[in-house]
Amino acid sequence: MPSPHLPLSRRGFLMASATAGAALGLAAVPARAAARQGPFGRYGSPAARPTPTTLYVDPHGRGDFTSVQAAVTAATGSGWTLVIAPGVYRETVLADTRRTEMTWIGAGDGPRDVVIVYDNAAGTPKPDGSGTYGTTGSATTTVRGDGFTAHRITFANDFLRADHPGITGTQAVAIKVQGDRSAFHHCRFLGHQDTLYADSNAASVFARQFFSHCYVEGDVDFVFGRATAVFEHCHFRTLNRTDLSGAPYGFVFAPSTEAANPHGYLVTRGRVSSEAPDGYYKLARPWVPSSSTTARPMLTVRDTWLGPGIDAVAPYANMRDAHPWQDQRFAEYRNTGPGAVVTVPENRPQLADEQAESANRATWLGDWRPPEAC
């Protein structure tokens with residue numbers, strides 16, 4: 001029987017991907033696929049065809065599309081599900097604001113099986129000669145529509161500084177998420193600088209995002225933006241660097257929360273590990289972008305294990321001296337591990353117990369209940 005969380009069982013789709021002609025059943029098959037004989041079967045009269053809500057992506061041509069972007073382009077409107085077969089999809093993908101309530105499901109055993117990757121950086125020249133991509137344009141995947149959910153997918157940007165010594169703009173985004181009510185379950189986000197851009201569609205718009213049991217790696221500001229984002233049971237890993245001779249190598253978080261937004265980033269029951277020498281990373285620095293001087297970044301890290309890679313003496317730093325981190329909204333609560341040891345109290349603001357009571361998912365996300373993992 002199909003899983004209650006999936007439009008069709010993963011097993012069914014993988015069987016169809018492995019063997020041409022294997023039937024996936026009749027539920028939610030796109031009309032284009034239904035009109036022909038193939039791995040998705042064939043209907044009788046056109047009147048018998050159901051309304052399409054699911055598209056199947058397979059790099060070997062055994063689905064409806066071989067690329068994720070092609071499927072997204074075909075999924076006009078609201079409520080579509082993309083079931084993505086195992087494979088490496090080397091492409092950039094944009095799901096614009098018109099594509100709402102969209103779900104992407106990696107049809108593998110885990111996020112390593114389905115990888116969406118590209119290698120643009122902020123300083124990469126555009127092919128048409130119109131300049132460089134910039135940070136936003138470097139994103140491998142961009143999600144602007146509200147109500148987006150992803151399960152078991154790796155979003156990556158594999159740009160490497162060493163391979164491009166002539167490029168100075170080395171921000172290379174794996175995914176930029178701007179829509180409200182965006183959820184990610186058991187996903188991976190891989191990159192170096194600016195890996196996960198958790199943002200919103202405008203400074204005046206508060207975008208709620210939820211990340212559960214996810215893995216994020218990078219070196220400089222690799223979780224950043226102005227979203228209201230909750231990270232539960234997530235693993236953040238700082239990378240080693242050979243291009244620098246001393247600390248700091250980088251920063252895990254760089255929130256740019258608007259001052260009018262009462263909730264920025266909340267990290268709870270996670271862990272921060274490192275490939276770098278002990279103390280070579282800062283936990284965070286505030287980002288007050290020149291385009292929005294009304295930002296007052298907010299980060300709360302609680303009940304999280306901080307490994308030795310984090311500088312316990314001075315875990316926070318300034319991005320710009322005009323906006324010192326002490327003037328922002330940074331706080332911790334009951335963190336553990338060698339990177340969480342409080343040696344200089346003024347460098348590690350702590351929540352009081354009564355404040356910590358409201359530092360939770362329900363407070364951050366309000367009336368939105370994220371969909372469960374499938």
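The sections below set out a description of the structure shown in this document. Please read these numbers as outputs of a predicted model, since none were measured by experiment.

1. Side note on the side chain of T142
- Within the secondary structure, T142 is located in strand β7 (residues 141-143).
- Owing to a relative accessible area of 8%, T142 belongs among the buried residues under this scheme.

2. So, the nonpolar core
- W104, F184 and F236 are the most contacted members of the largest nonpolar core, which has 58 residues in total.
- Beyond its immediate sequence surroundings of up to four residues, F236 is in contact with V216, F222, V223, F231, V252, F253, V267, R271, V272 and S273.
- Membership of the second largest hydrophobic core comes to 13 residues, among which are A331, Y333, A356 and W364.

3. Re the sheet that holds strand β8 (residues 149-151)
- Strand order in the open sheet formed by ten strands is β1-β2-β5-β8-β11-β14-β17-β20-β23-β25, with parallel pairing between adjacent strands. In this open sheet, the two edge strands, each paired with only one partner strand, are β1 (54-57) and β25 (329-333). Between one strand axis and the next, the sheet turns by 10 degrees as a mean value, whatever way the strands run.
- Examined bridge by bridge, strand β14 (residues 208-212) and strand β17 (residues 228-232) share five bridges and lie parallel to one another.

4. Focus on the sheet that holds β7
- As summarised here, the arrangement of the seven strands in space is β4-β7-β10-β13-β16-β19-β22, forming an open sheet in which the pairing is parallel. Two strands bound the open sheet, and with one partner strand each, they are β4 (93-95) and β22 (281-284). Geometrically, the sheet is characterised by an average inter-axis angle of 10 degrees between neighbouring strands, direction not taken into account.
- When strand β16 (residues 220-225) meets strand β19 (residues 250-255), the two strands line up parallel, connected through four bridges. Counted as the bridge partner of V223 is F253 from β19.

Thresholds applied
- Residues numbered from 1 in each chain as written.
- Predicted model: local features only at pLDDT ≥ 70, side-chain atom pairs only at ≥ 80, totals over all residues.
- Heavy atoms only, no water.
- Helix = DSSP H or I, 4+ residues; strand = E, 2+ residues; numbered from the N terminus.
- Buried < 20%, exposed > 50% of the residue type's maximum accessible area, 1.4 Å probe, protein only.
- Core = buried A, V, L, I, M, F, W, Y, C linked by side-chain atoms within 4.5 Å.
- Contact = heavy atoms within 4.5 Å.
- Pairing = 2+ DSSP bridges.
- Axes fitted to C-alpha atoms, helices over the stretch in contact; angles between N-to-C directions.

The values reported here are purely geometric and, on their own, carry no functional implication.
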